[in-house]
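So the chains spell out like this:
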Amino acid sequence: MAQEEWQQSLKQSVTSVKQLADDFDFDQRQLEAVAARYPMRISPYYLGLIEQVGDPIWKQCVPDVRELDPSGMTDPLAEEDFSPTPAVIHRYPDRVIFLVSGSCASYCRFCTRKRKVGCTDMSLSFRELRAGIDYIAANAQIHDVIFSGGDPLLLPDSVLQDLLARIYAIPHVEIIRIGTRVPVTLPERITERLCAMLKKFPPLYINTHFNHPRELTSQATEACARLADAGIVLGNQTVLLRDVNDQPEIISELFRGLLKMRVRPYYLHHMDLTRGTGHFRTSVKTGLQIMYSLRGPVSGLASPHYVIDLPNGKGKVPLIPQYVKRKGNDLMIYAADGSVVEYSDIVDG
Ligand SMILES: *Cc1c(COP(=O)(O)O)cnc(C)c1O
Ligand code: SF4
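Report on the accompanying structure. (Residues numbered from 1 in each chain as written. Chains lettered and ligands numbered in written order. Predicted model: local features only at pLDDT ≥ 70, side-chain atom pairs only at ≥ 80, totals over all residues. Heavy atoms only, no water.)

1. Notes on the site of ligand 2
Let me state the cut-off plainly: By convention in this text, a residue qualifies as near a molecule or strand provided that one of its non-hydrogen atoms is within 4 Å of it. In this classification, the charged set is Asp, Glu, Lys and Arg, the nonpolar set is Ala, Val, Leu, Ile, Met, Phe, Trp, Tyr, Cys and Pro, and all remaining amino acids, among them Gly, are polar.
Residues in contact with ligand 2, as listed here, are Cys-104, Cys-108, Cys-111, Gly-150, Arg-181 and His-209. Across the shell around ligand 2, the residue classes tally to 3 nonpolar, 2 polar and 1 charged.

What follows is the structure, given as structure tokens:
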């Protein structure tokens, strides 16, 4: 079959540091070694968003020597321990992650699954996908299946449709979600044909992954509009990244912009302890200050949960600014403007 336009543009991606040197002036030393360890790919569209060396787009997609720092963990969330079969991560009783793809349109330098995403041995065989589907079919407590990877939307329409149809046919599966960064890095992939296919599997939730207001382009806006028009419920998971988006003004501009695109901010993730990503970590204090700054001045729809995914597979936990202090039976509550309001609680029993 003829290749689709998005498949051709993906082929034009930058996959080595050398290719960047034509357009940008930067210190290339050791960067090929980084790219050999953790694959590099920047789609032509995403490359076009870089304005200068070291800007927020550059930092997300161009290798950095600090990725070779050996501290941190290869699998901080212990995903491998919660994997009953290679394509499935089953950590919560009612929902699973279904790993359907091993590649992405651009490789994020801060990726939690850096240990395997983009590496050749990550692509799953048809047999492994079948084993994943059989596992989900055999476990009636699973109501929510999250297609992930890698990026599920890098699969050809026909392959994705087949997988969705098989999961959709399982009676105890109530909702399907897809986690994808394609609206951010390869918006041309969101074709009318793809949307017409996805429309057959309601209720379908797509969580995308915008991290910076500069990613909210007209192309990305149109891609999200096509998905929303197909009845898909859109959410967004942002990762809090040092020197990329760790400021209240950047985050509030991002979240307000997403709402205008019919995308609801779902999670703000604290960085995981993944090896090779330490330079992106912020303090929890920074994250809490950003959350506190949103409450009040910005639409409540733009306040996602700020979550930390605990090491060893203990799961995601929301981190909430300290709004309430107890003083005997009374509560001291911090209002959005910083003033303290005394509020008397009732006594139980
Ligand atoms: C994040 C995650 C989910 C989904 O969690 P929600 O809080 O429901 O979005 C499911 N399984 C695993 C292993 C996860 O890491
Ligand atoms: S798109 Fe997601 S899975 Fe792919 S590299 Fe980025 S964070 Fe990792």
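2. Overview of the pairing of strand S4 (residues 175-179)
To be explicit about the condition: A pair of strands is labelled paired if DSSP reports no fewer than 2 bridges between them. Going along the chain from the N terminus, every DSSP run of H or I of four or more residues is numbered as a helix, and every run of E of two or more is numbered as a strand. Place the viewer so that the strands point away; then a crossover is right-handed whenever the path from the first strand over the helix to the second strand goes clockwise.
Pairing geometry for strand S3 (residues 144-148) and S4, over 4 bridges, is parallel. Paired with Val-145 across the strands is Ile-176, a residue of S4. One crossover worth recording links S3 to the parallel S4 by way of helix H7 (residues 157-168), and it is right-handed. Relative to strand S5 (residues 204-208), S4 runs parallel, the two being bridged by 4 bridges.

3. What to know about the packing of helix H11 (residues 248-260) against helix H12 (residues 284-294)
Stated precisely, the cut-off is as follows: Helix axes use the C-alpha atoms of the stretch in contact, all axes being lines fitted to C-alpha atoms, and the angles between their N-to-C directions lie in the range 0 to 180 degrees. Here is the rule for angles: anything less than 35 degrees is roughly parallel, anything more than 145 is roughly antiparallel, 65 through 115 is roughly perpendicular, and the remaining ranges are oblique. Each crossing is labelled by how the near helix is turned from the far one, with a counterclockwise turn of less than a right angle marking it left-handed and a clockwise turn marking it right-handed. Between two residues, a contact is recorded if the distance between any of their heavy atoms is within 4.5 Å.
Packing of H11 against H12 leaves a shortest axis separation of 9 Å and a crossing angle of 55°. Between H11 and H12, the interaxial angle falls into the category oblique. Read as a crossing pair, H11 and H12 show a hand that is right-handed. Judged by residue contacts, Pro-248, Ile-251, Ser-252 and Phe-255 of H11 engage Ile-290, Ser-293 and Leu-294 from H12. For the contact of H11 with H12, a count of residues per class yields 5 nonpolar, 2 polar and no charged.

4. Overview of the side chain of Thr-282
Definition in use: A simple rule labels every residue: compare its accessible area, found with a 1.4 Å probe on the protein chains alone, to the largest value its type can have, and call it buried under 20%, exposed over 50%, or partly exposed in between.
Considering the arrangement of structural elements, one finds Thr-282 in the loop between strand S7 (264-269) and H12. On the basis of relative accessible area, Thr-282 is assigned to the buried category, the value being 7%. If sequence neighbours within four positions are ignored, Thr-282 has contacts with Leu-240, Leu-241, Arg-242, Asp-246 and His-270.

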